[in-house]
Amino acid sequence: MTEQTPVTQEDVARRAGVSRSVVSYVLNNGPRKVSEETRQRVLAAINELEYRPNEFAQRLKQGSDAVQNAIGIVTGGKGYNLIERPYYNMILSGLYDYAYQQHQQITFLVYWDALHDPIFFNKHIHEQEISSLILILPSLIPQAKKDQSLLDQMVARIPSIVSLEEMVRDLPTVGIDRAAAAHTAMSHLIGLGHQRIVFIGLNDQRVTGHRQALLEHNLPVDPTLIAFLEGSSAPTGSAYNITTRFLEDRVDFTAIFTATDEAAIGAIAAVKDHGLRVPEDIAVVSIDNIELASMVRPALTTVDIPKHMLARVAIQSLQTQKAFPGQSQVSTMLPTKLIIRESCGANRAP
């Protein structure tokens, strides 16, 4: 196999119809100003030629070990909600910890929106930079043609990719059955005698599990008791506001099931701020089992998602893909477990 000749700034300049110095100005954001029209031509040429600055090509001189052990993380959307949320902090800490144990290195964590910059994309999403990728929150990747084209390039370039929690394309996925987790939480509340149960969460498999549990117990699915969070960037505050609205509208309900612990904490705060008690007046159950779930009062009954195990199996999936290139890879669904604490009322002293 002949080694591919590296693309140079001169190649980019010829493709864009500009001088080499203009290409340099675009790459370095100065020192001279470049018109937006010219900048876009240069960026288009960079994208077409897959140009990468020489400093990033130096990995080739270091040998392949650094690349083979390098893992990148790409998150859907803008990503700020990922860093802020305790749930994803636990997954990220697990990814970094287990990668280190396996002598792997996570070299970057980037947000999907940042990949629209072709310079940034070619720097990070390249076989000379990494051998593996982990996708988090892939459902937030837009369906627009340009975004799907970027995803196509990503899959073509990087040989080992795993998606966490949510399936995208036919990539191997490590996740949990969200509908089953919701079914477990709802069945527990129904078993305690609750029939009017508010659902607060995103419109995904968890609301499906909520409905299935009601139907299996011959209870009606009341759409007035279902409230969807507007987004995942501030679930606690949104759940507080939703619960407040239910209480102030005097809606008839005795329990709340939230799709996340953070939403449950917001709901509990709203209940208490309205002079009611948890679980005596309103029971609360959720999904996630973040560290705070055992610290709030009353302690939160929740379905545990094995966050560190998600991270461990994701790294193992990447290693398996590299060990058996070209072979079909399986997805993995991890088990969940109901953790019963005080917020549901089951642990109250007689």
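Notes on the structure follow. Because the structure is predicted, anything quoted here is derived from the model rather than measured.

When you go through the protein residue by residue, the secondary structure sums to 14 helices and 12 strands. Overall, the C-alpha framework of the protein stretches about 80 × 45 × 35 Å when taken along its three principal axes. Burial statistics for the protein: of 350 residues in total, 50% are counted as buried. Put simply, of all contacts in the protein between residues at least 6 apart along the chain, 75% involve residues at least 24 apart. Accessible surface for the protein amounts to roughly 17100 Å². Of this, 50% is attributable to carbon and sulfur atoms. Charged side chains in the protein number 32 positive and 37 negative. The centres of these two groups are separated by 3 Å.

Inspection of the secondary structure puts Leu-247 in helix H12 (residues 235-248). Take Leu-247: its relative accessible area is 15%, and that puts it in the buried class. Taking the C-alpha atoms as reference, Leu-247 lies 26 Å from Asn-289; in sequence the two are 42 residues apart. Contacts of Leu-247, omitting those with residues within four sequence positions, involve Phe-253, Ala-270, Val-271, His-274, Leu-276 and Ile-282.

For the rest of this paragraph, the subject is the nonpolar core. By size, the foremost hydrophobic cluster in this structure holds 48 residues, and its most contacted members are Leu-95, Ile-134, Ile-136, Leu-164, Phe-257 and Leu-310. Take this core: its biggest share by element is 7 residues, from helix H7 (residues 86-101). What Ile-136 contacts, discounting residues up to four positions off in sequence, is Ile-73, Val-74, Thr-75, Gly-76, Leu-82, Tyr-88, Leu-92, Leu-95 and Leu-164.

Next up on the list: unusual backbone geometry. Along the chain, Val-278 connects to Pro-279 via a cis peptide bond; the corresponding omega equals 10°. With omega at 0°, the peptide bond leading from Arg-297 into Pro-298 counts as cis. Mapped onto the elements, Pro-298 comes out in the loop between strand S9 (283-288) and strand S10 (301-304). Phi angles above zero are rare outside glycine, and His-103 is one such case at about 60°. If you trace the backbone, His-103 turns up in the loop between H7 and strand S2 (105-111). The backbone phi angle of Arg-169 is positive, close to 55°, even though this residue is not glycine. One can find Arg-169 in the loop between strand S4 (160-164) and strand S5 (173-176).

Right, let's get into the side chain of Thr-258. On the secondary structure map, Thr-258 appears in strand S8 (residues 255-258). One polar contact links the side chain of Thr-258 to the main-chain amide nitrogen of Ala-264, over a distance of 3.3 Å. Apart from residues lying up to four places away in sequence, Thr-258 is in contact with Ile-200, Ala-263, Ala-264, Ala-267, Val-285, Ser-286 and Ile-287.

With that out of the way, let us pick up the pattern of salt bridges. Under the defined criterion, the tally for this structure stands at 16 salt bridges. A salt bridge links Arg-15 to Glu-48, with the shortest nitrogen-to-oxygen separation between them at 2.8 Å. In this pair, Arg-15 is assigned in helix H1 (residues 9-16) and Glu-48 in helix H3 (residues 36-49), connecting sequence segments 33 residues apart. For Arg-15, a relative accessible area of 47% corresponds to the partly exposed category. Between Arg-85 and Asp-288 there is a salt bridge, and its shortest N-O distance comes to 4.0 Å. Here the residue Arg-85 occupies a position in the loop between helix H6 (80-84) and H7, and Asp-288 occupies one in strand S9, the gap between them amounting to 203 residues. Taken individually, Arg-85 and Asp-288 each receive the classification buried, so the pair is uniform in this respect.

Another point: the sheet that holds strand S7 (residues 226-228). Judged by pairing direction, the sheet is mixed, and its 6 strands sit side by side in the order S7-S6-S8-S9-S10-S12 without closing on themselves. The sheet is open, and its two edges are formed by S7 and strand S12 (337-339), each paired on a single side. Taking the axes of each pair of neighbouring strands and ignoring which way they run, one obtains an average angle of 20° across the sheet. As paired elements, S9 and S10 share 4 bridges and run parallel to each other. The partner of Ile-287 across the bridge, within S10, is Val-303. Across the sheet, helix H13 (residues 261-273) lies against S8, S9 and S10, angled at about 160° from S9, the strand it touches most.

So, on to the environment of Glu-262. Tracing the backbone shows Glu-262 in helix H13. Once the C-alpha coordinates of Glu-262 and Ile-340 are considered, the two residues, 78 residues apart in sequence, prove to be 17 Å apart. Within polar-contact distance, the side chain of Glu-262 engages the side chain of Arg-85 at 2.8 Å.

This paragraph deals with the packing of aromatic side chains. With the rule as written, the count across this model stands at 4 aromatic pairs. Seen in terms of ring centroids, Tyr-87 and Tyr-88 are 4.9 Å apart; in terms of plane orientation they differ by 85°. Their pairing is edge-to-face. Of the residues examined, Tyr-87 reaches a relative accessible area of 2% and is grouped as buried. Look at Tyr-88 and you get buried, because its relative accessible area is 4%. Members of the aromatic cluster, joined through ring pairs, are Phe-199, Phe-228 and Phe-257. Lying over the aromatic face of Phe-246, Arg-245 brings its terminal NZ or CZ to 5.9 Å of the ring centre.

Thresholds applied
Residues numbered from 1 in each chain as written. Predicted model: local features only at pLDDT ≥ 70, side-chain atom pairs only at ≥ 80, totals over all residues. Heavy atoms only, no water. Helix = DSSP H or I, 4+ residues; strand = E, 2+ residues; numbered from the N terminus. Buried < 20%, exposed > 50% of the residue type's maximum accessible area, 1.4 Å probe, protein only. Contact = heavy atoms within 4.5 Å. Areas by Shrake-Rupley, 256 points an atom, 1.4 Å probe, with all protein chains shown as cover. Lys, Arg positive; Asp, Glu negative; His and termini not counted. Charge placed at Lys NZ, Arg CZ, Asp CG, Glu CD. Core = buried A, V, L, I, M, F, W, Y, C linked by side-chain atoms within 4.5 Å. Polar contact = N/O pair within 3.5 Å; in protein donor to acceptor, adjacent residues only side chain to side chain. Salt bridge = Lys/Arg side-chain N within 4 Å of Asp/Glu carboxyl O. Pairing = 2+ DSSP bridges. Axes fitted to C-alpha atoms, helices over the stretch in contact; angles between N-to-C directions. Phe/Tyr/Trp six-rings, centres within 6.5 Å; stacked < 30°, edge-to-face > 60°. Lys NZ or Arg CZ within 6 Å of the ring centre and 35° of its normal.

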